[in-house]
Structure formats: structure tokens, C-alpha cells
Amino acid sequence: MTKEDLIQALIKDGYLKTPAIIEAFQKIDRKDFVPEEHKERAYVNEALPIGYGQTTSQPLVVAFMLELLQLNPGEKVLEIGTGSGWKTALLAQLGGIVFSMERIEELQKMADKNIQNYGFIENGSVKLLSGDGSKGYPEGASFDKIIAAAAADVLPEAWKGQLNIGGRMVAPVGESILVLEKISKNKFKTKEYFGFSFVPLIRS
Ligand code: SAH
């Protein structure tokens, strides 16, 4: 399986649609983000271990979530769960100003190295932050978009508060992916897509 085989399969199955997202999948090579021992499986449509009990998300899930997020160039986006940094780099490639939080220091270091290969740290497109993202990132709020890679049991209130009116959030809760559109300060339009599996969001 090559990178292009994976991308074509994701297009055929309806997960990848938007030209800019397809181009980002072509430019940001998943192989650069998976550990050495799993590189030969980088283009297989499955989650892969990245150490510390965590995984880099399944490509179809990343494609699905990025399509739902509708990120526009120049928008500020908060990502919770940097992991390998693969999705972080995709968000930057799409033109986002990305604030990405990770609670496991070693993974953050790995992501930092991976993302540096693409120049997104140096040019200010990506800021990597350490700590518990379940409280969001009040110092950097508010955000146009919020995306999470770890599943909460209940959606953190802090994330809702740190989203701009008109903004969108894509976050796993239990076995679902929720999409929230912020209509006004306390009003959200929610859609739920059931049938996914994520590592848990750890709250400190
Ligand atoms: N998209 C990433 C997926 C990483 S898995 C990738 O493709 O590599 C989810 C990540 O969320 C893990 O690295 C885990 O350590 C992190 N995580 C879990 N709970 C967290 C929290 N409360 N704050 C920040 N990161 C968290």
C-alpha cells in the first residue's frame, strides 16, 4: 500500500472530499510521524502504536474529522492530544494557526521533532503546549475551531466556553464524534456520528 493508494481509498469511500484536505494528506506524510518499527504500515488504514499506551489515529478518522472541522486558512485552532503530531501538521498545512496540547512529555518531544521537519514550529503555525487539555487553553482563547483526539465521557465545558461564536468543534465523546456549532454564547447546534473508538481523555 502506497500513500497514494491510501488517499485514493479514502476518497473512494467518501472520507476525503475537499481538495485542500486531499492535498494536505499528500503533503504531510504519515510515514514521517509513525515510529521506526511501524513505518512499513504507515499507509495502512489503521491506528498504530506511538508508545506510552497511545496510538496515532486511523487515517479514515483523521480524514472524517478534518472534513467536519471545515478549517479555513488563518483560523485559530485548538487541538487536544498532539500525539505523533500528524494531525497537528495537517491542520497547519490547511493554513491553521494551531495550538496543540499534549499531557505526555515524551510524545510532545516526538511531535516537536516530527513537525519541525515541515517548518511549522519555526514559522509560528504550530505552538506545542504541555498539560491537561481538558481545561482547554484559556491563555490562548478564544478559538475559531477546536478538535480533540482523545474521547471524553462528557464534553468539557471549558472547550465550549473557549470557542468563538460561529466556531466549530469536532470532538470524540464515548464512541461518538460530536460536531458542535456555536450559535450564540450558550447555544450550540450538535450532530453526532456514532461508531468510533478513541484513547481516553485523561483529566488531572
Ligand atoms: N492525532 C494524534 C492522536 C494521538 S492519540 C495522532 O495522530 O498522533 C490522543 C492523544 O491525546 C495521546 O497522545 C494522549 O496522550 C493525549 N491526551 C489524552 N488526554 C489528554 C489531555 N487531558 N490533555 C492533553 N492530551 C491528552
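Placed above this text is the structure.
Note that the structure is predicted; figures quoted are calculated from it, not measured. (Residues numbered from 1 in each chain as written. Predicted model: local features only at pLDDT ≥ 70, side-chain atom pairs only at ≥ 80, totals over all residues. Heavy atoms only, no water.)

**With respect to the site of the ligand**
Taken together, the neighbourhood of the ligand is formed by 24 residues, with T56, S84, E102, G133 and I202 sitting nearest. One nitrogen or oxygen atom from the side chain of S84 is found 2.7 Å from an oxygen atom belonging to the ligand. With the chains in place, 99% of the 580 Å² that the ligand exposes on its own is no longer accessible. In this structure, the ligand is accommodated by the largest pocket. Elements represented by at least two residues in the shell around the ligand include exactly β2 (54-56) and β4 (97-102). The greatest single-element share of the shell around the ligand, amounting to 3 residues, is contributed by β2. (Near = heavy atom within 4 Å. Polar contact = N/O pair within 3.5 Å; in protein donor to acceptor, adjacent residues only side chain to side chain. Areas by Shrake-Rupley, 256 points an atom, 1.4 Å probe, with all protein chains shown as cover. 1 Å grid on protein atoms, 1.4 Å probe; cavity = no way out; pocket = protein on both sides within 12 Å on 5 of 7 lines; lining within 4 Å. Sits in = over half its atoms within 2 Å of the grid points. Helix = DSSP H or I, 4+ residues; strand = E, 2+ residues; numbered from the N terminus.)

**Concerning the nonpolar core**
With 44 residues, the main nonpolar core has F25, L66 and I177 as its most contacted residues. Among the secondary structure elements, those contributing two or more residues to this core are α1 (3-12), α2 (19-27), α3 (59-69), α4 (86-93), α5 (105-116), β5 (126-130) and β8 (176-184). Considering every element that reaches this core, the biggest residue donor is α3, with 9 residues. Setting aside its immediate chain neighbours within four residues, F25 contacts K3, I7, L10, L16, P59, V62, A63, L66, W86 and L90. Ranked by size, the runner-up nonpolar core spans 20 residues in total, among them A148, L155, V173 and L180. (Core = buried A, V, L, I, M, F, W, Y, C linked by side-chain atoms within 4.5 Å. Buried < 20%, exposed > 50% of the residue type's maximum accessible area, 1.4 Å probe, protein only. Contact = heavy atoms within 4.5 Å.)

**Comments concerning the sheet that holds strand β7 (residues 163-173)**
Strand order across the open sheet formed by 7 strands is β5-β4-β3-β6-β7-β8-β9, with mixed pairing between neighbours. The open sheet has two edge strands, β5 and β9 (187-194), and neither has a second partner. Each neighbouring strand pair of the sheet contributes to a mean axis angle of 15°, computed without reference to strand direction. Looking at chain direction, β8 and β9 are connected through 8 bridges and run antiparallel. In the strand pairing of β9, V179 is matched with K191. Seen against the sheet, α5 touches β4 and β5 and runs at an angle of roughly 170° to β5. (Pairing = 2+ DSSP bridges. Axes fitted to C-alpha atoms, helices over the stretch in contact; angles between N-to-C directions.)

**Some thoughts on the layout of surface pockets**
Of the voids in this model, the largest pocket is the one considered here, and its volume is about 500 Å³. Lining the largest pocket we find 35 residues, and of these Q54, T55, A149, A150 and V199 sit closest to its centre. Elements that contribute at least two residues to the lining of the largest pocket include exactly β2, α3, β3 (76-80), α4 and β4. Sort the elements by how many residues they give to the lining of the largest pocket and β2 lands first, with 3 residues. Of the residues that constitute the lining of the largest pocket, the class distribution is 15 nonpolar, 14 polar and 6 charged. (Points joined across faces, edges and corners; volume = space filled by probe spheres on them. Nonpolar A, V, L, I, M, F, W, Y, C, P; charged D, E, K, R; others polar.)

**Let's talk about the packing of α2 against α4**
In the contact formed by α2 and α4, the axes pass within 9 Å of each other and the chain directions differ by 130°. Considering the angle they form, α2 stands oblique to α4. The chirality of how α2 crosses α4 is right-handed. Of the residues in α4, those in contact with A24, F25 and K27 of α2 are W86, L90 and Q93. Class assignment for the residues of the contact of α2 with α4 results in 4 nonpolar, 1 polar and 1 charged. (Parallel < 35°, antiparallel > 145°, perpendicular 65-115°, else oblique. Left-handed = near helix turned anticlockwise from the far one by under 90°.)

**A few points about the packing of aromatic side chains**
Tallied over the full model, the rule gives 8 aromatic pairs. Ring geometry for F33 and Y118: centres 5.8 Å apart, planes at 20°, overall stacked. Linking F33 in the loop between α2 and β1 (48-51) with Y118 in the loop between α5 and β5, this pair joins segments that are 85 residues apart in sequence. Considering the side-chain rings of F64 and F196, the 5.4 Å spacing of their centres and the 20° angle between planes classify their relative orientation as stacked. Pair noted here: F64 is in helix α3 and F196 is in the segment after β9, with a separation of 132 residues, a long-range link. By relative accessible area, F64 is classed as buried at 17%. With relative accessibility at 14%, the residue F196 sits in the buried group. (Phe/Tyr/Trp six-rings, centres within 6.5 Å; stacked < 30°, edge-to-face > 60°.)

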